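In case you want the letters, here they are:
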Amino acid sequence: YHDVILNAINWDFIKHILPFDLSYNPGLVSSAAWRPTKRAQSICNGFLASNIPHHLYMIGKPPSRKIESDRITWMGELSQEKSISVMKSCSHAIHIGKFDPCPNSVIEEVCSGLPVLHTANGGTPEIVRGNGIMMPVDTEWDYKPIHGVDDINPGITAKYLQELVHMERCSPHA
């Protein structure tokens, strides 16, 4: 038996943050310092390939090649409090980054009660546990150099997003 400690999260801080007044609902959120390994292109392309009735909120400074769509809002860099406020207003989250041993954004999403779509890489599966869906991507990386890290097939992401949005919000685990 083992347990995961969520980076010393301040539960009182999280509990007292009110949901953000989003322009479009339901919302799906993704938050990162956007660089190729965070896979903004794959997130946006997979989301746009899906037929879910959600709007995608991307938190963090947009990458130079951001995808523009009326279904996606790039929110820019936000304070931790405002980021969590946006998360609390959304119904689900997506984090398909590669090389993430303990992503704080995933901890904040789970602590906000969001089911998370993620890959099999890094520490995200241990953080999310049963509160999300793991895509069969990055399952057996052998630590050799890789090319095209931000090129997950949009159809794969869309398929799993369609499953994710049927999951109910979860009780944050302490």
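Thresholds applied
- Residues numbered from 1 in each chain as written.
- Predicted model: local features only at pLDDT ≥ 70, side-chain atom pairs only at ≥ 80, totals over all residues.
- Heavy atoms only, no water.
- Axes fitted to C-alpha atoms, helices over the stretch in contact; angles between N-to-C directions.
- Helix = DSSP H or I, 4+ residues; strand = E, 2+ residues; numbered from the N terminus.
- Parallel < 35°, antiparallel > 145°, perpendicular 65-115°, else oblique.
- Left-handed = near helix turned anticlockwise from the far one by under 90°.
- Contact = heavy atoms within 4.5 Å.
- Nonpolar A, V, L, I, M, F, W, Y, C, P; charged D, E, K, R; others polar.
- Buried < 20%, exposed > 50% of the residue type's maximum accessible area, 1.4 Å probe, protein only.
- Pairing = 2+ DSSP bridges.
- Salt bridge = Lys/Arg side-chain N within 4 Å of Asp/Glu carboxyl O.

(A) Just the packing of helix α3 (residues 80-89) against helix α4 (residues 104-111), in detail. Look at α3 against α4: their axes get within 9 Å of each other, and the N-to-C directions meet at 50 degrees. Comparing their axes, α4 and α3 come out oblique. For the pair α3 and α4, the crossing hand works out as right-handed. In this structure, α3 contributes Q80, I84 and M87 to the contact, and α4 contributes S105, E108 and E109. Class assignment of the residues belonging to the contact of α3 with α4 gives a composition of two nonpolar, two polar and two charged.

(B) Just the pairing of strand β3 (residues 72-76), in detail. Side chains I72, W74 and G76 of β3 all project onto a buried face; the interleaved residues T73 and M75 project onto a face where none is buried. As judged from the four bridges shared by strand β2 (residues 55-59) and β3, these two strands associate in the parallel manner. In the sheet register, L56 faces β3, and the bridge partner there is I72.

(C) Just the environment of L161, in detail. Considering the arrangement of structural elements, one finds L161 in helix α6 (residues 154-164). For L161, a relative accessible area of 0% puts it in the buried group. Between the C-alpha atom of L161 and that of I133, which follows or precedes it by 28 residues, the distance is 8.7 Å. Leaving out residues up to four positions away in the same chain, L161 has contacts with L28, G46, F47, I52, I94 and L117.

(D) Main features of the pattern of salt bridges. What the rule picks out here adds up to two salt bridges. The shortest N-O distance in the salt bridge between D12 and K15 comes to 3.5 Å. In this pair, D12 and K15 are both assigned in helix α1 (residues 11-15), three residues apart and thus about one turn of the helix distant. The class of K15 is exposed, set by a relative accessible area of 56%. A salt bridge links K66 to E68; the nearest nitrogen and oxygen atoms lie 3.3 Å apart.

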